[in-house]
Each structure stands twice: as C-alpha cells, then as structure tokens.
Amino acid sequence: MILEDHVTARTLYDKLWDAHVVRTEADGTSLLYIDRHLLHEVTSPQAFAGLALAGRKPWRVEANLATPDHNVPTTTRDMSAAEPISQLQVATLDKNCATYGITEFTLDDIRQGIVHVVGPEQGATLPGMTIVCGDSHTATHGAFAALAQGIGTSEVEHVLATQCLIQKKSRTMQVTIDSSVQPGVTAKDIVLAVIGHIGTAGGTGHVIEFAGPGITNLSMEGRMTVCNMAIEAGARAGLIAFDATTLAYVKGRPYAPSGNQWAPAVADWQTLHTDPGAAFDKRVTLSGAEIQPQVTWGTSPEMVTAIHGQVPDPADAADAGQADSWRNALAYMDLQPGTAISDIKLDKIFIGSCTNARIEDLRAAAAVVTGKKVASHIRAALVVPGSGLVKRQAEAEGLDRVFTEAGFAWREPGCSMCLAMNPDRLESGERCAATSNRNFEGRQGQGGRTHLVSPAMAAAAAIAGHFVDVREL
Amino acid sequence: MQKFVRLSSLVCPLPRANVDTDAIIPKQFLKSIQRTGFGPNLFDAWRYLDEGQPGMDNSQRLVNPDFVLNDARYQGAQILLAGSNFGCGSSREHAPWALLDYGFRAIIAHSFADIFHQNCFKNGILPITLDDEHMTTLFALSQMAQPLNLVIDLQQEHICLPDGEQLAFVTDSFRRQCLLEGLDDIDLTLRYRAEITAYEARRQETAPWLFAAESSVG
Ligand code: SF4
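Because the structure is a prediction, the values reported are computed rather than measured.

Definitions and limits used
- Residues numbered from 1 in each chain as written.
- Chains lettered and ligands numbered in written order.
- Predicted model: local features only at pLDDT ≥ 70, side-chain atom pairs only at ≥ 80, totals over all residues.
- Heavy atoms only, no water.
- Helix = DSSP H or I, 4+ residues; strand = E, 2+ residues; numbered from the N terminus.
- Buried < 20%, exposed > 50% of the residue type's maximum accessible area, 1.4 Å probe, protein only.
- Contact = heavy atoms within 4.5 Å.
- Areas by Shrake-Rupley, 256 points an atom, 1.4 Å probe, with all protein chains shown as cover.
- Lys, Arg positive; Asp, Glu negative; His and termini not counted.
- Charge placed at Lys NZ, Arg CZ, Asp CG, Glu CD.
- Near = heavy atom within 4 Å.
- Nonpolar A, V, L, I, M, F, W, Y, C, P; charged D, E, K, R; others polar.
- pLDDT = per-residue confidence, 0-100.
- Core = buried A, V, L, I, M, F, W, Y, C linked by side-chain atoms within 4.5 Å.
- Salt bridge = Lys/Arg side-chain N within 4 Å of Asp/Glu carboxyl O.
- Pairing = 2+ DSSP bridges.
- Right-handed = clockwise from strand over helix to strand, strands pointing away.
- Axes fitted to C-alpha atoms, helices over the stretch in contact; angles between N-to-C directions.
- Parallel < 35°, antiparallel > 145°, perpendicular 65-115°, else oblique.
- Left-handed = near helix turned anticlockwise from the far one by under 90°.
- Polar contact = N/O pair within 3.5 Å; in protein donor to acceptor, adjacent residues only side chain to side chain.
- Buried area = accessible area lost by both parts, 1.4 Å probe.
- Phe/Tyr/Trp six-rings, centres within 6.5 Å; stacked < 30°, edge-to-face > 60°.
- Lys NZ or Arg CZ within 6 Å of the ring centre and 35° of its normal.

**A short note on the overall build of chain B**
Counting secondary structure elements, chain B contains eight helices and seven strands. For chain B, the C-alpha atoms occupy an extent of roughly 65 × 40 × 25 Å along the three principal directions. Burial statistics for chain B: of 218 residues in total, 56% are counted as buried. In chain B, 65% of the contacts between residues at least 6 apart in sequence involve partners at least 24 apart. Accessible surface, chain B as shown: approximately 9,000 Å² in total, 50% of it carbon and sulfur. Taken as two groups, the 18 positive and 27 negative side-chain charges of chain B have centres that lie 5 Å from each other.

**Here we look at the site of the ligand**
Around the ligand, the surrounding shell consists of A:His70, A:Ile114, A:His116, A:Asp135, A:His137, A:Ser353, A:Cys354, A:Cys415, A:Cys418, A:Leu419, A:Asn437 and A:Arg443. In terms of residue class, the shell around the ligand is made up of five nonpolar, five polar and two charged.

**Brief notes about the confidence of the model for chain B**
Looking at chain B, pLDDT values average 93 and 97% of them are 70 or higher. Both scores are given for the predicted complex: the pTM is 0.92, the ipTM 0.93.

**Some words on the nonpolar core**
Among the nonpolar cores identified, the biggest contains 101 residues, and A:Phe210 and A:Trp269 are the most heavily contacted of them. Top element by residues in this core is helix 6 (residues 187-198) of chain A. It accounts for eight residues. Ignoring sequence-local partners within four residues, the contact set of A:Trp269 consists of A:Leu126, A:Pro127, A:Phe242, A:Leu247, A:Val250, A:Pro257, A:Trp262 and B:Trp209. Formed by 89 residues, the second largest nonpolar core is a distinct cluster that contains A:Ala462, A:Val468, B:Phe67 and B:Leu69.

**Section: the environment of B:Phe121**
Residue and element names in this part refer to chain B. On the secondary structure map, Phe-121 appears in helix 4 (residues 114-121). Accessibility expressed as a relative area gives 5% for Phe-121, which makes it buried. For the pair Phe-121 and Leu-179, spaced 58 residues apart in sequence, the C-alpha separation works out to 7.1 Å. Excluding anything up to four places from it in sequence, Phe-121 contacts Met-1, Leu-126, Pro-127, Arg-175 and Leu-179.

**Section: the side chain of B:Arg47**
All names here are of chain B. By secondary structure assignment, the location of Arg-47 is in helix 2 (residues 44-47). Despite its burial, Arg-47 remains without a salt bridge, the nearest opposite charge being carried by Asp-44 at 6.3 Å. In this view, Arg-47 contacts Gly-39, Pro-40, Asn-41, Leu-42, Val-63, Asn-64, Phe-67, Leu-69, Asn-70 and Tyr-102; residues no more than four positions away in its chain are not counted.

**A few points about the sheet that holds strand 19 (residues 449-452) of chain A**
All names here are of chain A. Here we have five strands laid out as an open sheet, ordered 17-16-15-18-19, and parallel in their pairing. Lying at the two open borders of the sheet, with one neighbouring strand each, are strand 17 (409-410) and strand 19. Here strand 16 (residues 380-383) pairs with strand 17 via two bridges, running parallel. Note that in strand 17 the partner of Leu-382 across the bridge is Ala-409.

**Some details on unusual backbone geometry**
Residue and element names in this part refer to chain A. With a phi angle near 65°, Gln-163 is a residue other than glycine that sits in the positive phi range. With respect to the secondary-structure elements, Gln-163 resides in the loop between helix 5 (153-162) and strand 8 (164-167). Among the residues examined, Gln-163 registers a relative accessible area of 1% and is labelled buried. One non-glycine residue, Ser-416, lies in positive phi territory at about 55°.

**A look at the pairing of strand 4 (residues 126-129) of chain B**
Residues and elements named next belong to chain B. Both strand 3 (residues 106-109) and strand 4 contribute to a ladder of four bridges, which runs parallel. Across the sheet, the residue bridging to Ile-108 is Ile-128, located in strand 4. Following the backbone out of strand 3, through helix 4 and into the adjacent parallel strand 4, one traces a crossover that is right-handed.

**A word on the packing of helix 3 (residues 94-102) of chain B against helix 4 of chain B**
Residues and elements named next belong to chain B. Helix 4 packs onto helix 3 with a crossing angle of 45° between their chain directions and a minimal axis gap of 9 Å. With respect to helix 4, the element helix 3 is oriented oblique. Judged by the twist between their axes, the crossing of helix 3 over helix 4 is right-handed. Taken together, the residues of helix 4 that come into contact with helix 3 (itself represented by Ala-95, Pro-96 and Leu-99) are Phe-116, Asn-119 and Cys-120. Here the contact of helix 3 with helix 4 is built from residues that sort into five nonpolar, one polar and no charged.

**Section: the environment of B:Gln60**
As for its position among the elements, B:Gln60 is in the loop between helix 2 and strand 2 (79-82). Within the structure, B:Gln60 has its side chain in polar contact with the side chain of B:Ser59 (distance 3.5 Å).

**Some thoughts on the sheet that holds strand 8 of chain A**
All names here are of chain A. Overall, antiparallel pairing links the three strands, which are arranged 1-2-8 in an open sheet. Two strands lie at the open edges of the sheet, namely strand 1 (21-24) and strand 8, each paired on one side alone. Averaged over all pairs of adjacent strands, the angle between their axes in this sheet comes to 20°, without regard to strand direction. Where strand 1 and strand 2 (residues 30-33) come together, three bridges link them in antiparallel fashion.

**Topic: the interface of chain A and chain B**
Contacts between the two partners involve 80 residues from chain A and, on the opposite side, 62 residues from chain B. Summed over both sides, the interface of chain A with chain B buries roughly 5,700 Å², with 53% coming from carbon and sulfur. Residue B:Glu51 is joined to A:Arg425 by a salt bridge in which the shortest nitrogen-to-oxygen separation is 3.0 Å. Where chain A packs against chain B, one counts 31 residue pairs in polar contact (both at pLDDT 80 or more).

**Quick notes on the packing of aromatic side chains**
Per the stated rule, a full pass over the model turns up 17 aromatic pairs over all chains. Relative to B:Trp46, the ring of B:Phe43 has its centre 5.8 Å away and its plane inclined at 10°; by these criteria the two rings are stacked. This pair shows no difference in class: B:Phe43 is buried, exactly as B:Trp46 is. In textbook terms, an aromatic cluster arises when at least three aromatic residues are bridged by ring pairs, as seen for A:Phe242, A:Trp262 and A:Trp269. Geometry around B:Trp46 places B:Arg16 over its ring, the cationic atom sitting 4.1 Å from the centre. Taking the ring centre of B:Tyr48 as reference, the NZ or CZ of B:Arg61 above it sits at 3.9 Å.

This is the structure in structure tokens:
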C-alpha cells in the first residue's frame with residue numbers, strides 16, 4: 001500500500017491509467033488492459049471476421065457484453081421488419097456472440113437498448129474500469145470515474161484478441177462548472193455551453209475531467225449526458241470523480257460487486273478522484289449559474305447559442321475560416337443571420353439517443369408535455385427510450401400515456417433518429433429539435449436539419465412548434 | 001496491413017474544416033459487414049446530387065460537378081489535402097476504409113480528430129499534420145490549373161515539392177515502424193502474452209470484482 005504523501009499528486013486520469021498499464025515502451029507507447037468491452041452490430045462484424053480469419057479467440061469472453069442498437073426498428077421488436085442488410089448485421093452479431101459465448105442482450109430481451117444506456121444500467125460499467133466500445137460515445141461511461149473510450153473496428157478486434165489497447169497517454173484538461181445551473185437548465189445545456197466555449201477541437205488529444213459544483217450536483221444520468229458529449233469537444237474521454245452519487249447508483253445492479261466483494265470495491269473506488277494540487281495541461285472554468293438553455297443553429301455542435309440568442313452573422317466570425325464554415329452551415333440549415341432562435345420553426349421532434357434517453361430525460365420531457373398537445377404543424381414527434389428497462393419504467397410511471405396523449409409516438413428502444421440507420425429519419429429540408437449529440441450535415445437523414453437541445457427544450461419546442469425557453473412556457 | 005514507405009502522387013484538395021466521418025462515409029453504407037467496397041461512396045452526399053443507397057449503380061447517378069473528387073484534374077490522386085479537425089465525429093473505421101478503398105494512402109491536414117487519426121494508422125493510411133503556413137501553400141499549389149504532385153517519404157519524414165523544397169513532418173515512432181513494415185498490431189501485442197497474463201493475475205488479487213461475471217442473472 002503506497003501512502004498518499006509519498007506519491008506526487010495525480011489526476012483521476014493518471015490513476016486510471018497507472019492501474020491499467022501492462023507495459024510501456026521507451027517512447028511512451030503502452031499496452032493498456034481493458035476491463036470491459038461493449039459491442040454492437042455496426043462496428044463489430046469486421047472485427048469478428050478478422051479474429052476468425054487469424055484463427056484467434058476472444059482473450060476473456062466475460063469482459064464482453066453486446067447488444068444490437070444502431071439499426072434496429074423502433075416500431076416493432078421483429079427484425080424481419082428491417083431491410084435485409086440491417087437484418088444481416090444484427091444476425092451477424094447474434095451469430096458471433098453465440099459462437100464465442102459472449103453475453104448478448106438480443107432484440108427480444110428487456111435489457112436490450114443503446115449500448116451506452118445498457119452498460120451503466122446493468123452495472124457492467126463500474127468505477128475504476130477501463131471501458132471500450134466501437135463507438136465514439138463510449139465517453140458516456142466516464143461519468144463513473146471509469147476510463148471509457150471509443151475505438152475503431154481494428155481496435156475492437158485487437159481488444160477481442162488481446163484484452164489490451166495500444167495507446168499513448170493523453171494530455172489532461174479540467175473543465176470546472178463553478179456553480180449549479182438554474183432550474184430548467186440541464187446537463188445537456190452545460191455540455192453544449194462547454195463545447196460552444198472550447199470548440200469541437202478544444203479537447204483534441206486530451207481527456208477532460210469535469211468538476212465543480214455544477215457537475216457534482218448533477219445526478220448520475222446528468223453526468224452521463226455531460227461525459228457523453230466530451231467526444232463532441234474533441235476529447236478522447238470525459239471523466240467525473242467517484243462520490244456518494246456514483247456509489248448509490250451502482251449499488252445493487254446486476255453486474256455490480258456484491259457480497260464480500262462490495263466493501264473492498266468501495267474502498268478502491270474512494271480513491272478515484274484527482275488529488276489536490278495535481279496538474280492539468282489545460283483548465284477552463286464556466287459559470288454554471290450563467291448557463292442558459294442552449295440550441296445549436298449550425299452543422300457542428302460548437303455552433304450553439306442560448307435560447308434568447310440569434311443566428312450569428314459570418315461577418316462577425318473570428319477569422320476567414322470560421323466565416324466560411326458558418327456560411328456553409330447557414331446555407332445548409334437554411335437560416336439567415338440575425339434570426340431569433342425562438343423564431344425557428346420545427347417539423348419534427350426527436351427525444352432519444354445515448355445522450356438523453358434515460359428515465360430522468362423522459363420524466364423531464366413528460367413534465368413539460370403533460371396536458372398539452374404537439375403543435376399541429378409538427379409532422380412527427382418521437383420518444384425513443386434508451387433501453388427496454390427504461391421503457392418499462394416509463395410505462396410504469398405512465399409517461400408513455402403523457403406522450404401519446406400529447407401526440408408523440410412512443411417507440412421501442414434503439415438509436416433511431418440519432419443517426420437514422422433505421423426508417424426513423426428526416427426527409428430532405430426537414431428541421432428537427434433533437435436531444436441527440438450530432439447536428440452534422442445529413443446525420444438524421446440526407447438534407448435534414450438538426451438542432452440539438454435538452455429533452456425539456458425539445459418537449460417545449462414540440463408544444464410551441466418553434467424553439468421557446470422552457471422556463472417561460 | 002499494406003506497407004507505407006514512399007508515395008509519389010497527385011494531390012486532391014478539400015479545403016473544409018471539421019469534415020466529419022458521417023460526411024466521409026454516410027451511415028446508410030455502414031450496414032456492410034465487409035471492410036472493402038466503400039470507395040464508390042466516399043463523400044457520397046457531396047459527390048452526388050441524388051441520395052445514395054447501398055447497392056445503387058453509381059454510374060446512373062447525378063454527379064455533383066462542383067465536388068473536387070469529380071474534377072478531372074484530380075483523378076487518381078492518392079494524397080488528400082484536408083482542413084483542420086479532419087475525421088471528427090463518429091469513430092466508424094468505415095471512414096478510413098472508404099478513403100483507402102477509393103485510393104487515398106495519405107492525408108495531409110492542419111489537424112485530425114483523435115480516433116480517426118488512430119484508425120488511419122491501423123489501415124495503412126499515413127496522416128500528416130502540417131502548420132497553417134505550409135497548408136496554405138499546399139492548398140494554393142494544388143488548386144492551380146496544373147495539379148500538384150508530391151512525394152512523401154515516411155522513412156525520412158519529409159514531403160518533396162516539385163521544386164525540390166522539402167517539408168519535414170513528424171510521426172509517432174511506433175506508428176511509423178508499423179507502417180514501414182506493415183506490422184499487425186495484434187501480432188505485436190501477443191508477443192507480450194505472458195505480461196498480460198501476469199497483469200491479470202495481479203488484478204484478480206487486488207480487484208477481483210472486475211473479473212466476476214454478472215451476479216444475479218445467467
Ligand atoms: S444513440 Fe446515437 S450517438 Fe448514441 S450510440 Fe446510438 S447512434 Fe451513436
């Protein structure tokens with residue numbers, strides 16, 4: 001046991017890194033041991049094929065957990081309703097998991113859902129772990145003081161075969177939210193404000209640790225929303241220190257330690273915070289109390305402003321490059337400089353995704369919607385729960401009826417309109433208020449226009465038919 | 001993995017910042033379970049005026065004459081010149097697969113998103129980072145009537161311009177070696193099998209809960 005005062009102060013990232021290094025080369029290239037590997041149907045088939053081709057087997061089968069999510073239908077649990085290539089992808093995941101004995105929550109399992117909702121829900125995401133998944137939003141799991149990173153398919157194969165990643169240590173960045181946000185302002189608004197502040201490349205090469213009262217006062221679900229979008233700030237991972245909130249969430253979950261393993265686990269987790277005086281390569285502080293509900297207006301998550309703001313003028317951009325990308329974005333989004341955000345009319349509403357499809361998100365949206373009706377010109381308003389268990393919980397609370405009575409469609413879990421690999425999508429020119437994480441060109445369907453907001457703001461926009469400050473509804 | 005030692009090729013300029021992996025290969029093409037065949041749909045939404053779907057005959061589609069890949073000057077280019085934060089967004093490795101399948105072996109940009117950068121190396125694509133001044137020069141040269149040809153020498157870590165000028169670049173030494181020799185990461189890692197096993201044994205002692213299966217369900 002090393003005494004605290006004998007070691008130099010370390011960041012949470014340093015601690016997680018140190019605990020997982022198997023070996024390091026002179027140039028810093030390291031083998032990092034992976035505790036948990038999450039899999040889904042889109043980025044794994046080529047990895048399994050590579051494994052089989054080389055005659056290899058998974059290194060540690062129990063470290064893996066799989067579920068289909070990206071292109072499953074949300075109107076039914078019957079995969080035969082999907083197009084043949086989607087069916088093949090899901091069938092391939094089923095077959096690969098069966099071949100190697102990997103636990104998979106298949107489409108007919110109540111535990112199926114978006115992989116980043118399922119991991120924490122099952123306690124498969126634990127503090128102090130290294131977690132990877134062939135999906136950039138693996139950053140989500142960093143909310144548990146776990147080092148969680150998105151990887152490519154070659155790395156999926158590498159982790160399957162060796163239980164390790166080849167990696168060099170990242171730089172560190174601390175983002176402090178120095179006060180709690182106001183009522184009606186959410187975790188989503190915090191992270192959008194951070195991205196607006198540091199830019200989509202602001203965290204490149206860094207692991208971001210989120211800290212301060214604005215973060216610690218969030219629930220676990222809010223913290224997941226914040227870490228989820230660390231990737232949109234360019235960071236490889238987001239982190240939040242372990243505390244009583246983390247502990248209360250983890251306790252009793254199916255994959256969480258129990259019995260005589262619980263106490264030593266908790267003792268270990270208590271060390272998962274940045275030591276006082278530890279150095280970060282970069283630090284940024286934002287005032288939580290000043291953060292307003294956020295709405296993106298462009299085609300990158302950094303193109304964001306407060307609900308009472310306006311669409312900016314490229315003439316006011318910082319440099320020619322930014323002016324260019326703003327012009328491209330405004331043309332794509334069909335918006336004029338100076339337009340008030342609250343004057344932007346919507347065609348569709350999407351409440352879902354690994355950013356905002358947990359029970360608290362659905363409760364927040366339902367609270368806004370209760371007793372009201374979706375504006376008549378809205379062509380579709382979808383609520384897509386993040387997992388089968390979230391759906392069941394919401395139904396037990398009657399949230400499904402709140403939504404359907406207001407005119408929302410209540411769907412089966414999956415990624416859905418976050419990336420429109422299934423039939424849930426925008427038609428060209430349609431404008432959507434979405435609780436997901438990416439507003440890239442074509443993300444929700446070719447020619448579709450996405451505005452990222454919190455669940456409460458999406459619900460408010462559905463009722464008003466245009467953006468509106470949820471606090472004034 | 002295909003080796004990368006030296007490359008002499010035309011340069012295709014794409015002067016746009018924050019090109020995301022959804023733009024590089026739109027999601028409808030991710031349903032393939034193969035690693036190849038993505039090239040014809042590289043930058044699909046910019047390259048064609050109609051909406052692409054898997055299995056379509058691209059020769060029947062409406063080509064966007066303003067997009068650089070459709071410019072006769074740049075046919076056969078194996079070097080892509082890109083803006084800052086290239087490859088941001090989704091971690092999909094289909095993006096480097098599509099670039100490789102199309103024929104690109106090197107990408108020169110002001111900066112790259114992390115995961116994409118990593119994915120390039122794993123697929124035999126060399127990502128090179130240059131500063132603003134050199135990027136501006138290369139963009140200007142590549143957009144002249146006579147397209148630009150560059151020679152990239154990975155061993156020497158430099159790019160040769162037609163006038164003989166050399167631009168130095170830096171690559172991670174481990175990644176450079178892997179590219180130069182076409183080494184497979186998995187084989188490299190499995191050389192340390194004993195160390196991985198020893199690490200696991202230690203961790204199993206100190207943090208046994210990380211190795212337990214699910215506690216309450218099958
Ligand atoms: S919900 Fe969206 S962002 Fe999240 S894993 Fe699915 S596709 Fe990716």
